[in-house]
Amino acid sequence: MMWTPTEEEKYGVVISSFRGSVPQGLTLELGETVHILEKSEGWYRGSSIKHPNAKGIFPANIIHLKKATVSNRGQYETVVPVEDPLVTEVTSTLQEWSSLWKQLYVKHKIDLFYKLRHVMSEVIDLRRQLLSGHLTQDQVREVKRHLTVRLDWGNEHLGLDLVPRKEFEAVDSEQISVSDLYKMHLSSRHNVQQSTNQVDTLRQRHKEPRAPIPHHLLLNLKSFTHSNIGEDVDLFFSLYDMREARQISERFMVRLNKNGGPRNPEKLERLCALFTDLSSKDVKRDLHLVVHVIRIGRMLLNDSRKGPPHIHYRRPYGCAVLSLGEVLPALCENRDEKDFVMKVYMCNNENEWFQIHENIIRKTSTKYSTPSSNYGLIVSLQLLRGDMEQIRRENQLLLNRGAAVTRKLGFPDVIIPGDVRNDLYVTLERGDFERGGKSVQKNIEVTMHVLYADGENLRDCVSLGAGEPPRTQYHSFVLYHNNSPRWGELIKLPIPIDRFRGSHLRFEFRHCSTKDKGEKKLFGFSFTPLMRDDGTTLSDDLHELYVYKCDENSTFNNHALYLGLPCCKDDLSGCPNIPSSLIFQRSPKETFCISTQLSSTKLTQNVDLLALLKWKSHPDRILDILGRLRHVSGEEIVKFLQDILDTLFVILDDNTEKYGLLVFQSLVFIINLLRDSKYFHFRPVLDTYIQKHFAGALAYRELIRCLKWYMERSADLVRQDHIQEAMRALENLFKFIVQSRLLFARSTGGLEEEQFRCSIHELFQSMRFVLSLDTRSSDTLLFTQAALLSSFPAIFEELLAMFSVTEVAEFVRGTLSSLPSTLHLGQSMDVVKLQSIGRTVDCRLFSYPEARRILLPVVLHHIHLHLRQQKELLVCSGILSSIFSIIKSSSTEVDVGEEVQMLQESLLDVLLQTLLIIMSKSQSQEAVRGQRCPQCTAEITGEYVSCLLSLLRLMSDTHYQHLLHNFQSKEELKEFLLKIFCVFRNLLKLSVFPPDWTVMRLLASNIIVTTVQYVCPAVHKNFCEEDFDFKVWNSYFSLAVLFINQPSLQLENFAAGKRRRILDKYGDMRVMMTYELFNMWQNLGEHKYHFIPGMIGPFLGVSLVPQPEVRNIMIPIFHDMMDCEQRRNGNFKQVEAELIDKLDSLVSEGKGDENYRELFSLLLLEKIEQETWREPGASFVTSVTRLMERLLDYRDCMKGEETENKKVGCTVNLMNFYKSEINKEEMYIRYIHKLCDLHLQAESYTEAAFTLLLYWETLQWEDRSLREFLHYPAQSEWQRKESLSRKIIHYFNKGKCWEYGIPLCRELAAQYEKLYDYQSLSWILKMESSYYDHIMDQQRLEPEFFRIGFYGKKFPFFLRNKEFVCRGHDYERLEAFQQRMLGEFPQAIAMQHLNHPDDTILQSDSQYLQIYAVTPLPDTPRVLNMDQVPERIKSFYRVNNVRRFRYDRPFHRGARDKDNEFKSLWIERSTLTLSHSLPGISCWFEVQKRELVEVSPLENALQVLGNKTQELRALITQYQHHNLHGNINLLSMCLNGVIDAAVNGGITRYQEAFFDKDYITQHPEDADKIGQLKELMLEQVHVLGVGLAVHERCVHPEMRPLHKKLVDQFQVMRSSLYQEFPMLEKMNPSCPPLPRSNILLSHGALNNDSMRMLHRHSPLVVLSSVRHSSSSLSSHASSDTGTTPTAVDSETEDPYTMQMLLPHSLHAGSITNVSALSSSYTSPSSSSLSSTHSAPSQLINSAPSSTRGSPSLPDKYRHSRDLVMLLPAPRDRPSSAMYQTGTESGQRCVYPRALFQQVLGPCKPCSDPNLSVAEKVLAAPSSWSLDSGTRESLPFLTSHVGSVLTPTGPTRGLTQGHYSLHFDAFHPSVGDGAPALPTRSLRKSPLHTIPASPTSPQSCLDGSNSPLSGSASSGVSSLSEGTFPGCPDVTPSTDPRTEDQQSGCFQHYPPVRYSLSDPNGLEPPKVQPCRSHSAPNGVTPPRSPSGEHDEGNPEHDRLRRIRRNCHMAKEQAARVGWDHNVGKP
């Protein structure tokens, strides 16, 4: 394949996408443009214009070729399409919009999305029209206007650049001056703002031209429908002004036949009219389109008898009106024609016909009738703009089609020269006629004739309306039976000018009879001449004409017979003697009225004007005639302008001396008249007259003489009106002078040339004289000078015809030099003078280089003076802009170096000074007002900046050298440099140019960098070494930094195409300036230390610019700084401190990236490696690099839509880095507040309080003054710490962590007390008190805790390959937490196993999350072991101030037995220690330490069995008071799970695994544990028996089969245990097998050994609490919570042993189960005893955090369990009805019931099911101390073990009724008071929680959380009451048996007995003061307050005896056992 270079085929557009599927194929998208280099056999080779570097081949058939211009043919050729530049711009703009348009939809900007789509469609359509090539020039211009409006609109709304335009095309900034570019930006901005509000309102760039633009209304009649006329009709359309009640236009007439079609077939499609010359005022007036319908036919429409059918009359029929006031605004916006429907209304009374249109407009409906629905007109209207010539040119087809031009009555606002018009409009108003002896009134018809002087009827001089040809006579319509008709019909009389004089109108009146003959009988006539004897026409007025009688026999052949008669009353005086014998006699009672209006350009009604034109008839009246010319209207003057001017110059030539001054004044009057905008178009008429028709060859002499006379007299005259008028007419007067001199020179061969020149010189001397006069004492003279200055620049153009450019320039320079300085002129005169100078600059004279050299110095002199005095700055800037524009345009043709030199010398310094003043004012006003003054910034600043940039751009190397070498001293040079650097800095800082002015900003940047390159050598040469000047260098460096950082140069933020265009045109100017900056830095030498640390931050900002070359240049500068400081100070502490401070702020602003971090480290370490101080240097660089890594992570989190956890983690990470690694306290405190703000946004008030506490700890209670910092004012340290304390207390309160807020309250109270500020002290104490109340009253929720690992390199630095423990949200479970984490990290993969990840995952470029739940392990403070502490308080300490957590993972070790997996099931237990305790400054902390412990299968079995037993106890306790036949599904499922699992292998599996002889032999060390397992199995059997008893009582009848099944299986289970443990049978051998109903009563009592074993290992005796978790990762894990046995030595402690004995079924009693539990934990067996059926779903997966520590039960089941926690220790219980207190009846107490009654609270019935329980609350975070980085122990959270006191004496009788006590009544008598605050100050120590109040003791619970145990099991067995079926409520006993006998009656379920470890004594209950407001009923005070026993009391003896019997089995302390089947004594 041969490739040949292309010659013509260079540029094309892709019309079909190409995927580049061939070798070396180039992928192309539809619409791309390509540059073609070669071709071969249907293929092209080239590149895309979008990506010029990628070249390839593509098919030729997918390319549409376009013509292009090729430059630099060859390897580096460029192609530019040969097409309209606007088309190219549209193409590129649409391509740029397309991607942004899609993003709008993604960003949900739907409104703009659809608007832009519509605009893009319009742009594409307009582009298609532009490319079609079938448009006229005007249409092309209109299409371009629409295109640019839409392009600018789209760019504005998409945030793209503003495109400066000139004539709809984008301008090239290289071809115009900066000032012009600035003005074009302003113009484009104005256009964009207008197009945003209303797209089609853009008409002109700046302002409307002075001449008003006329409007024209195009009307097109589309249809006229009627149903009942049946005759021909005439339609008359006209425009009516309702406000003035007059018709303002001619009528447009349409003649239709009876079918509704045009009567003339040729006009079938041409029923249209153009109402012309409507002014802007007319469009805004109350205009209406009125249509009168006149039918042609019978006299009466429905009466054929009235007149013969062949005689037709014009009869009124109807009228239609359309209000244009509502239509025209819409037509102005939309230029397309629009259809309207007009209804035709009929007049009810023909007498009202003349005003029917007014009645319709006023909606006077009684005067007209409503038509039928299908009767009316359809018309279309379109509003056109421009003069008629333009309308004809743009709408040729329309006007050629036959549109009737319907003119405006009278002259329009703009009178067009050459518009010859001679129209007389006559309106038939009314007539009054006599009846003439007839019984009815007449039917009068008026016939009008236009007759010439000879009596001839003028043909075609009567027009009823436009659109129809004129006729010879006119017949009016007939009003039926009306002698006083009112017509109101307008007739146009287009009479020729030559026939107007001598013509007259004759009106003939006829009565139209309706008889058979239908005769029209003449009965009178009227007449009026059209012109009077003096030559004036008929005046525009109402004329009442006389009516003369006549008949049909009268002859009008001799018109002289009546022309001699008076026609009206005014004419009667001209005919004093009228003979009575004339043929025509006037009827005195009859009159006829018409009104006339003349619109003529040749005829006049003004007598004075006629006298001037005919001045030769009255030569003696010339002076008077010339004087009266001023009183002639302007319309009359412009009509006869040429005739008047000819007359004036003839008079001047006739007698110059006599008439010269008057002619001059008249000429001045006419010239000034044409200055009116109404006669704007007549100015060219005057110019044409001067050039072609003016013949006054001698007039110049008199004109010059008169001008000189006026000017010389200006100093003497008081009134100078005539002089000022002459000055205003100076331009045209000079035109007359020059033209007159040319005519004279042409006719005489140039005679008197010298005299003429001398006279001109003298005239200019007179002008200078006038301008030099002192105006301070004369205001009139001031106006004269102003008028002269305003007209002066206009005469230059005329003088160039007679004088050379140099001569004229000298004239002008001399005149301008005569102007006084601004010190002697007023402000208004300053403006006029500068405006005159400005017009001088704008005139053609200034465009000549030789003229500029002469004029420029004087112009610059005046501008310099004004700038120095800061006067008229805006006008001066306009003049300067024009100068720079002219010089720039001339610079391409001639050398302008000399002019630029003049500009530089005169303006540069003053421009800089002016800009500094303006910018300083703008900054001060912005600071005061909050906004910039538009006068100072938008207009002036931009103008002067553009002027300065224009000057600097024009300056070449020569100019800069001349500038820098001409300073007299270094001080002057320094001042200049400081000024220009300051101006440049302000230009960059103040954003003088808006952000979207990219073209302007880039050009300004290019000029700045060029200027800096020129002046830098001067800085280095003059201000270095010995002459070093810090201010100059610092100003330079500041400028360079601002320049490089300016947004308009950050090319990385631009689109690829825009970036490429900028680089092609300017290059990367940042790199250019950076090289200059680096070179200047190197030139500093030893003076570098002056800029340390001041320039570290700015240079760091430059080095962070994302441009590799800039970074490579700037980063080594930091090495120079470090080296400089090291050599000077021996360290680089300043560099280190400043770099770290500035790096933080700069990175947070979005600067810097990972590449910069690596480059920074690489370059600096490479430089430092060669230094002697490399070790501290490398350490510093490493620290900065690590800081940057954290800062980048922090910024990425903050700027993105990251979650709060990420943001908090980043902030904590960075905050700790500042404190621990680089010790930057201020930055540390800043990030403390940033972290606090994050917590407040997330409403994490506790974390916010802990965060602020970090700052609080750094403050002292001292009076040291602190500066203003962040949002803190300047204040003392004491005040700041106090305010912080209050804020922290407030946040703790909102977070419900009152325990942490109370110490702060006490701290504040101590400070207030020291200062005797009792008011604040009172407040803080009340606050503290309220917090105690909140702790006891308000509910708080316990959170879940989750361990989460972040693995993989894709995670941020602070998370990467680390593990954390996170505190969950309220009610958040594991599944929800997992979803939340995956939502925060959508790219992460959730790991499905618990194994630690390997290196493959750790080093992968992915994200892995490993999440599971963990159990908190509190440090077991003293409060948790205090029995008397309420549960509400304990629950807080279980989940707060926690640093250690635990989770379990099951695994199999050794061979796995398929038949019994328990043999090899081990547990890996992990304990995680965090870096800080939770809660704290974050909701998660990193795991600092991990400990692993393996749990053997046997230990696991112990835990599983114990947990399940405890779960059963909890459920039994909750359901034993359940209503009969209620919902007991939870109990049923739990029983079924345990029993069924046991039957099917649950306990059996344990027996097989651990009771096997081989296992016992192989593991002799497990003998004790095997014994414990046996005991737990037996205990579980006992508990199951109790559960089945409760289940039997409460089960629903329908569920009895299930209960039967459970009982049967329980028998099997028990039998298997008896077989394994025969000792059970020996314990009670006399007990025979019982039936199923009594199986629960058949358990034998435990022997002493069993009792001892049960005591050691039963979970009922554990003193710590059980806690559980609802989270699980195991599918088969059950809810098994085990306990760790804790033996209590009876010798060292004095606990009480509690035996729980079940009552006999035949006697009322209660099932009571009280247990104090210790560190229980879950056994995560995958095949637990309960199998998959062991626990309901409520217990396994979803226990809410509020129920942690107990099974997940509904609230209604929860109160009985939790109320037992409110039970006080027995030793602290008051004597009451619940304890052994004697009563009058001596009745004994059934203890369990009384105990239950006490728990229920004050004044509540014992059986109230609605008793609420204080739920677990949200844990509050603990305090932080970052001083050491570790958590300090809380001194008041030390271990304290409380005792469970249970009285063991026999129960005493109770009075009958309900008994209940509130637990607040229990006050302990023990000496454990509330601990005081720590001795260490809170400032130095972490915040400690306060201990729980001992006044509200509760039992303590704890639990376990395992990833394998998805169940929630309780470690609490509540005291509650229940009755078995058939058992009545407890009643006082009447059994006469003794206590021992009665107690023996409980054969199987004895009552609960409380026994002391010491059998020799019983400590009675201590007296407790009652805090209750009202004591419960039945409460009696104790008998023995002293606590001593009554000696000899038989009751006490009996108690001691019972106690001895209970302890015969060698019980140990705190033993609790279940005794069943106790025999009778």
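Quick caveat: nothing in here was measured; it's all calculated off a predicted structure.

(A) Structural view of the sheet that holds strand E23 (residues 422–432). Spatial ordering of the open sheet is given by E25-E24-E27-E28-E29-E30-E23-E26, a layout of eight strands whose pairing is antiparallel. Lying at the two open borders of the sheet, with one neighbouring strand each, are strand E25 (473–475) and strand E26 (486–493). For this sheet, the mean inter-axis angle between neighbouring strands, taken without regard to orientation, is 25°. Of the pairings in the sheet, the one linking strand E24 (residues 444–451) to E25 comprises three bridges and is antiparallel in character. Residue pairing for E25: Thr-447 is matched across the bridge by His-475.

(B) Looking closely at the pattern of salt bridges. Scanning the entire structure with this criterion turns up 91 salt bridges. With a shortest N-O distance of 2.6 Å, Glu-752 and Arg-701 are connected by a salt bridge. Placement of the pair is Glu-752 in the loop between helix H21 (730–748) and helix H22 (753–772) and Arg-701 in helix H19 (residues 699–713), with a sequence separation of 51 residues. Accessibility expressed as a relative area gives 38% for Arg-701, which makes it partly exposed. Between Glu-797 and Arg-844 there is a salt bridge; the shortest N-O distance is 2.6 Å. Within this pair, whereas Glu-797 is found in helix H24 (residues 796–799), its partner Arg-844 is found in the loop between helix H26 (827–842) and helix H27 (849–868), the two being separated by 47 residues in sequence. On the basis of relative accessible area, Glu-797 is assigned to the partly exposed category, the value being 37%. One salt-bridge network, in which partners are shared between bridges, spans Asp-241, Glu-244, Arg-246, Asp-282, Arg-285 and Lys-408.

(C) How the structure looks around the pairing of strand E4 (residues 43–48). Pairing analysis gives six bridges linking strand E3 (residues 33–40) to E4, with the strands arranged antiparallel. Looking across to E4, one finds that Glu-38 is bridged to Arg-45. In sequence, E3 turns back onto E4 through a hairpin of two residues, with Glu-41 there showing a positive phi of about 50°. Here E4 pairs with strand E5 (residues 55–59) via five bridges, running antiparallel. Within E5, the residue paired with Ser-47 across the bridge is Lys-55.

(D) View of the packing of helix H1 (residues 85–106) against helix H3 (residues 137–157). Their axes nearest at 11 Å, the elements H1 and H3 cross at an angle of 30°. Of the possible angle classes, the one that applies to H1 and H3 is roughly parallel. When the axes of H1 and H3 are compared, the crossing they make is left-handed. From H1, Leu-86, Glu-89, Val-90, Thr-93 and Trp-97 reach across to H3, where they touch Lys-144, Leu-147, Thr-148, Arg-150, Leu-151, Gly-154 and Asn-155. Here the residues of the contact of H1 with H3 sort into five nonpolar, four polar and three charged.

(E) Looking closely at the sheet that holds strand E18 (residues 338–343). Spatially, E18-E21-E11-E15-E22 is the arrangement adopted by the five strands of the open sheet, whose pairing is mixed. Taken across any chain shown, the strands that pair with only one partner, and hence form the sheet edges, are E18 and strand E22 (404–406). Taking each pair of neighbouring strands and ignoring which way they run, the sheet shows an average axis angle of 30°. With six bridges joining them, E18 and strand E21 (residues 376–385) adopt antiparallel strand pairing. Each bridged residue has a counterpart across the sheet, and for Lys-338 the counterpart in E21 is Leu-381.

(F) Highlighting the nonpolar core. Ile-883, Leu-907, Phe-1037 and Phe-1099 are the most contacted members of the largest nonpolar core, which has 319 residues in total. Judged by nonpolar contacts, the second largest core, of 60 residues, contains Tyr-345, Trp-353, Met-448 and Phe-507.

(G) Expanded view of helix H2 (residues 110–132). Under the 1.5 Å per step criterion, the end-to-end length of H2 is 33 Å for 23 residues, consistent within 8% with the ideal 33 Å. Those residues of H2 lying buried are Leu-112, Phe-113, Leu-116, Val-119, Met-120, Val-123, Leu-126 and Leu-130. Once H2 ends, the next one or two residues include Gly-133, with phi positive near 75°.

(H) A look at the packing of aromatic side chains. All told, the structure shown has 76 aromatic pairs when counted by the stated rule. Judged by centre distance (6.2 Å) and plane angle (70°), the ring pair of Phe-18 and Trp-43 falls under edge-to-face. You can see Phe-18 sitting in the loop between strand E2 (11–14) and E3 and its partner Trp-43 sitting in strand E4, a full 25 residues away along the chain. Of the residues examined, Phe-18 reaches a relative accessible area of 10% and is grouped as buried. On the numbers, 5.7 Å between centres and 55° between planes, the contact of Phe-1132 with Phe-1180 is tilted. In this pair, Phe-1132 sits in the loop between helix H38 (1108–1129) and helix H39 (1133–1148) while Phe-1180 sits in helix H41 (residues 1174–1199), placing the two residues 48 residues apart along the sequence. Judged by its relative accessible area of 5%, Phe-1132 is buried. The lysine or arginine in question, Arg-1128, covers the ring of Tyr-1089, its NZ or CZ lying 3.6 Å from the ring centre.

(I) Structural context of the side chain of Glu-83. If you trace the backbone, Glu-83 turns up in the loop between strand E8 (78–81) and H1. If we ignore the near neighbours within four places in the chain, the residues touching Glu-83 are Lys-66 and Thr-88.

(J) Structural context of a nonpolar patch on the surface. A cluster of nonpolar side chains, Tyr-105, Ile-110 and Tyr-114, forms an exposed patch at the surface whose accessible area comes to about 310 Å². Following the sequence through the fold, Tyr-114 ends up in helix H2. Of the residues examined, Tyr-114 reaches a relative accessible area of 42% and is grouped as partly exposed.

(K) The arrangement of the confidence of the model for the chain in detail. Considering every residue of the chain, the mean pLDDT works out to 76; 75% of them sit at 70 or more. Residue range residues 1624–1992 is modelled with pLDDT below 50. Its contacts to residues more than four positions away, or to other chains, number 1072 contacts.

About the thresholds
Residues numbered from 1 in each chain as written. Predicted model: local features only at pLDDT ≥ 70, side-chain atom pairs only at ≥ 80, totals over all residues. Heavy atoms only, no water. Pairing = 2+ DSSP bridges. Helix = DSSP H or I, 4+ residues; strand = E, 2+ residues; numbered from the N terminus. Axes fitted to C-alpha atoms, helices over the stretch in contact; angles between N-to-C directions. Salt bridge = Lys/Arg side-chain N within 4 Å of Asp/Glu carboxyl O. Buried < 20%, exposed > 50% of the residue type's maximum accessible area, 1.4 Å probe, protein only. Parallel < 35°, antiparallel > 145°, perpendicular 65-115°, else oblique. Left-handed = near helix turned anticlockwise from the far one by under 90°. Contact = heavy atoms within 4.5 Å. Nonpolar A, V, L, I, M, F, W, Y, C, P; charged D, E, K, R; others polar. Core = buried A, V, L, I, M, F, W, Y, C linked by side-chain atoms within 4.5 Å. Expected span 1.5 Å × (residues − 1). Phe/Tyr/Trp six-rings, centres within 6.5 Å; stacked < 30°, edge-to-face > 60°. Lys NZ or Arg CZ within 6 Å of the ring centre and 35° of its normal. Patch = residues over 30% accessible without salt bridge, like charges linked within 9 Å, V, L, I, M, F, W, Y side chains within 5 Å. Areas by Shrake-Rupley, 256 points an atom, 1.4 Å probe, with all protein chains shown as cover. pLDDT = per-residue confidence, 0-100.

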